[in-house]
Amino acid sequence: MERQDCKVNILNMTAHQLSDLIKRKKISAVEITKNIIDNIEKREEQINAYITIAKEQALKQAEEVQKKIDEGCELPPLAGIPAAIKDNICTKDMLTTCGSKMLYNFVPPYDATVVENLKKQEVVFLGKLNMDEFAMGSTTENSYFKKTANPWDITRVPGGSSGGSAAAVAAGEAVFALGSDTGGSIRQPASFCGVVGMKPTYGAVSRFGLVAFASSLDQIGPITKDVTDCALVLNAICGHDPMDSTSLDMEYPDYSKALVNDVKGLRIGIPKEYMSDGLNDEIKEAILSASKIYEKLGATIEEFSFKMSEYAIPAYYLISSAEASSNLARYDGIKYGYRAQKFSDLIDLYKQTRSEGFGTEVKRRIMLGTYALSSGYYDAYYKKALQARTLIWQEYNKAFEKYDVILCPTAPTVAYKIGEKTDNPLEMYLGDIYTVSVNIAGLPAISLPCGFNSENLPIGMQLIGKAFDECTLIRAGYTFEKNTDFTNKTPF
Amino acid sequence: MSYEIVIGLEIHAELATKSKIYCSCTTEFGGEPNTHCCPICTGMPGVLPVLNKSVVEYAVKAGLAMNCKISEYSKQDRKNYFYPDLPKAYQTSQYDLPLCKEGYLDITTSDGIKRIGITRIHIEEDAGKLMHDEWDTGTLIDYNRCGVPLIEIVTEPDIRSAEEARVFLENVKAILEYTGVSDCKMQEGSLRADVNLSIRKKGETRFGTRTEMKNLNSFRAIVRAIEAEAQRQIDEIENGGTIVQETRRWDDVKGMSFSMRTKEEAHDYRYFPEPDLVPIVVSKEWLEKIKNSLPELPQQRKQRYIEQFGLPQYDAEIITSSKHLADFFEKAQETCGNPKAISNWIMGDLLRILKEKGIEYSDIPFEAGMLGKLVLLIDKGTISGTIAKKIFQKMFETAEDPEVIVKKEGLEVVNDERAILEIIQRVIMSNPQSVCDYKSGKEKAFGFLVGQAMKESRGKANPQLINKLLKQELDKPEQ
């Protein structure tokens, strides 16, 4: 490939392609970063993926990495690759807002463990990405700062809550990004924006430095242009962290070893309930044709009944809101972040600060969660939800006795219009129907492009795996990618 | 009408671990405000707690020493409420599955031995401290205490008087000191208690409505608060009123308690399992290891002092009530091999002087071995008992070795017969009336003359020699 050609393609290239070019000295880390920054400056007016753009810092970092490369240092696979981080992941000395007025000025004095890990990889940091306030939402419209547009159609939402992350990767404004997924917040925007998004097993990636929404469900994961990049980023961020008690201490695999184009004998189950009511026809079509492709490649496909599925949404909204009501109580105007200008006493300071600092959706969830935990209601709501959680987990375990992977849609629809669902939160909550049970059970799942609808909007399919079996998901995703052409399509 | 007082205690003790419960900050008392804290103990966005294992060990030690069952599986929960000293707006505590439960302590009061049930002991974190700004109308917050580990000991409503409450607390304090679980410095707030109190007519089996009293910072305050609250409730009932379930704040200066909030105004803490922490599992091996690390406890030591050293029950009780005092006793007796004499010194002069000077048991200014040496000096006849008391007094001032004091001030017993004889002759000369009385058979006069001789020698003469020589002189046939 000629150097000149490289530059034209940089914006559409994956991390592993760019890494290869850097190693072969076809291109420098500085050139890549400059190109991406130019693209950010060109596209941001329409896309609005970033809350903070760290242009100077990124260029300086790229220069340092290039210097090491020129000196002949052996560098990790992601060295010199420009990436961006969802704005609920703490970055030392860089604004971390969670998309909220409440943290409009919050600069953490520490890095999240994942950020430290990416720094060890010599990744270049472009900045912080837009999101629904405190990761609550499915459209990124709940951000206090801006609304992010879907690069495939700028009148549509990019999904959420990691909408900024998915849009930035799809628009070539970052080679890859980190998102967080509490009920589908990585997978659904990945599906809406035609990119690859993985929610790893709960406990595989440290949550230290991830501003908590629902501690027992939150998990950081990669949003990438293809499955190979997904494996490379997993290699960088998975692992035990003594700073996170819920991080599992075990031997983590080399995920790139799972990049194998072979699904022969793979047992794939499709939950009947996920292919019926409320599912858009074109999406159903795409999932069925994906299953045929797998079958042709030697996998076995079988439908099964996932009876607990109807309890997933109510259980999820009770548990996540209950935890959120407690996690978000610390934003009281006393220590950091937003404080109301006018207040008469301590209680009033709390009331004014929290009324002014939080948006509507966040307040809705805090009230829901506070109610669910209140004495007299705890047993009827929170405790019931925990029981449903156990049953869902058990049903998944039973399914995984028969199947290696579960295949289903990521979302019941493609990206919808900006403003289309803002007045109907319940309808928006139902959009999480295929993703939330995965968080409830703590399982890994990947969303990858599997088709386009008649309006040329991407459709995502979801592969759900056994706990800590990301490797099978990588293998299944990689095989699909190698035998189809959906990941190679770009919006521009 | 005769009333019975029913009391249950909630005791908070700060654990003596080096670092805090969920981060590595020091637990050291004092320090400039907000210098013993980090993003974790101040609850900054995104941080996570990691349980300090020694907190579990310390709490289990306390549980074992108080005859509790240790839960193999327990968990931590969030107690949610808004207050500026609580930076996360929840306190991590234990709700329905505490680390230790169903224990008891047998206490000895003037009415004999009584068993007080312990409902539970659980671990939790301390909060920060609010301070009124000296220069402005605002309030300042010091987060140094935030995340310092605590245990909360909850008793059954088995306590029936202020005395029982005091003795129980003294027992708990001694156990926590012996096991090294807490340094129990009440003035630094590392041991504090809330009192739940109700009254009922004698013979009644149902409990009355209880109140909870907070802000009790000393044993004395607890005793006074119990007496005052019991009287307040009795007066209320006697005057036809009813007791309101409420939380009251004790004002030790005014000697009164004031209502803080009623049951209706009580917080709904919305407890739920802390999702950032994993369950605490105390394996059989770990429990065994902790058991084996337990030191001798106050009751065991008391029994040993009675059996091994022949101390009276009461003396053994007092001396073992404080680890500092018991350790002092033990070291002192090792030096001289005369435990009874050491016990007498402690029960007499030592406790009296400590009380007079307001010195804590932990702050005795001289080494225990020095008291041993002092007793040794008496036993060897180097000094007299009277002189020893003076030297002991001196040791509090200078913290000097008694042998040094004796040498420096020339306080050795005079054993020189000639010198003593001279003194006796002088005493006989100047007290003819007493000599006469003695000779006419009044034995009492002899004692007086001994005293005079002793005084003349400024207490230094060997009393046996005085006795012998005086008798010899007086009984000499008249010349």
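Residues numbered from 1 in each chain as written. Chains lettered and ligands numbered in written order. Predicted model: local features only at pLDDT ≥ 70, side-chain atom pairs only at ≥ 80, totals over all residues.

### Things to note about the overall build of chain A
Link 1 in the chain: From N to C terminus, chain A includes 16 helices and 11 strands.
Link 2 in the chain: By the compact-globule yardstick of 23 Å for 492 residues, chain A fits well, its C-alpha radius of gyration being 21 Å.
Link 3 in the chain: Projected onto its principal axes, the C-alpha coordinates of chain A cover approximately 70 × 55 × 45 Å.
Link 4 in the chain: Looking at chain A as a whole, 61% of its 492 residues are labelled buried. (Helix = DSSP H or I, 4+ residues; strand = E, 2+ residues; numbered from the N terminus. Rg over C-alpha atoms; globule rule 2.2 N^0.38 Å. Buried ≥ 20, exposed ≤ 12 C-beta atoms within 10 Å, placed from the backbone.)

### Comments concerning the sheet that holds strand S4 (residues 77–80) of chain B
Residues and elements named next belong to chain B.
Link 1 in the chain: Across the sheet, which stays open at both edges, the 3 strands sit in the order S5-S4-S15 with antiparallel pairing between neighbours. Bordering the open sheet on either side are strand S5 (90–93) and strand S15 (272–273), each of which pairs with just one other strand.
Link 2 in the chain: Here S4 runs beside S5; their pairing, made up of 4 bridges, is antiparallel. Following the sheet pairing, Lys79 is matched in S5 by Gln91. (Pairing = 2+ DSSP bridges.)

### Description of the nonpolar core
Link 1 in the chain: Of all hydrophobic cores here, the largest spans 233 residues; its most connected members are Ala83 and Ala177 of chain A together with Ala59 of chain B.
Link 2 in the chain: Examining the composition of this core, we find that 10 residues originate from one element, helix H2 (residues 162–178) of chain B, more than from any other.
Link 3 in the chain: Leave out the neighbours within four places in its chain, and Ala177 of chain A touches Ala83, Ala84, Ile85, Lys86, Leu129, Ser165, Ala168, Val169 and Ile223 of chain A.
Link 4 in the chain: Counting residues in hydrophobic clusters, the runner-up holds 43 residues, among them Ala316, Leu371, Val375 and Ile378 of chain B. (Core = buried A, V, L, I, M, F, W, Y, C linked by C-beta atoms within 7 Å. Contact = placed C-beta atoms within 7 Å.)

### Overview of helix H11 (residues 346–357) of chain A
Residues and elements named next belong to chain A.
Link 1 in the chain: Given a rise of 1.5 Å per residue, 12 residues ought to cover 16 Å, and the 16 Å separating the end C-alpha atoms of H11 matches this to within 8%.
Link 2 in the chain: For H11, the set of buried residues is Tyr350, Thr353, Arg354 and Gly357. Along the long axis of H11, the arc covered by the buried residues comes to 90 degrees, so they all point the same way. Pointing more than 90 degrees away from the buried face of H11 are the exposed residues Ile347, Asp348 and Ser355. (Expected span 1.5 Å × (residues − 1). Arc of directions from axis to C-beta.)

### Focus on the domain arrangement of chain B
Link 1 in the chain: Along its sequence, chain B is carved into domain 1 (3–289), domain 2 (297–409) and domain 3 (417–475).
Link 2 in the chain: Put simply, the middle of domain 1 of chain B and the middle of domain 3 of chain B, counted by C-alpha atoms, are 65 Å apart. (Domains from an automatic or database assignment.)

### Observations concerning the interface of chain A and chain B
Link 1 in the chain: Taken residue by residue, the interface counts 34 residues in chain A and 26 residues in chain B.
Link 2 in the chain: When contributions to the side of chain A that touches chain B are tallied by element, the ones reaching two or more residues are helix H10 (309–327) and helix H12 (360–373) of chain A.
Link 3 in the chain: Ranked by the residues each element gives to the side of chain A that touches chain B, the list is headed by H10 of chain A, at 3 residues.
Link 4 in the chain: Counted by class, the side of chain A that touches chain B contains 19 nonpolar, 9 polar and 6 charged residues. (Nonpolar A, V, L, I, M, F, W, Y, C, P; charged D, E, K, R; others polar.)

### Re the sheet that holds strand S1 (residues 3–14) of chain B
All names here are of chain B.
Link 1 in the chain: A sheet is described by the order of its strands in space; here 9 strands give the open sequence S2-S6-S7-S10-S1-S11-S12-S13-S14, paired in mixed fashion. The open sheet has two edge strands, strand S2 (69–70) and strand S14 (256–262), and neither has a second partner.
Link 2 in the chain: Lying on the sheet, helix H3 (residues 219–238) is in contact with S1, strand S11 (191–201), strand S12 (211–216), strand S13 (246–251) and S14; it crosses S11 at an angle near 25 degrees. (Axes fitted to C-alpha atoms, helices over the stretch in contact; angles between N-to-C directions.)

### Considerations on the packing of helix H7 (residues 323–336) of chain B against helix H8 (residues 339–357) of chain B
Residues and elements named next belong to chain B.
Link 1 in the chain: Put simply, H7 and H8 touch, their axes get as near as 9 Å, and they point 140 degrees apart. The angle between H7 and H8 places the two elements in the oblique class. The element H7 and its partner H8 pack so that their crossing is right-handed. Side by side, H7 and H8 meet where Leu325, Phe329, Ala332, Gln333 and Cys336 of the first sit next to Pro339, Ile342, Ser343 and Ile346 of the second.
Link 2 in the chain: When the residues that make up the contact of H7 with H8 are grouped by side-chain class, the tally is 7 nonpolar, 2 polar and no charged. (Parallel < 35°, antiparallel > 145°, perpendicular 65-115°, else oblique. Left-handed = near helix turned anticlockwise from the far one by under 90°.)

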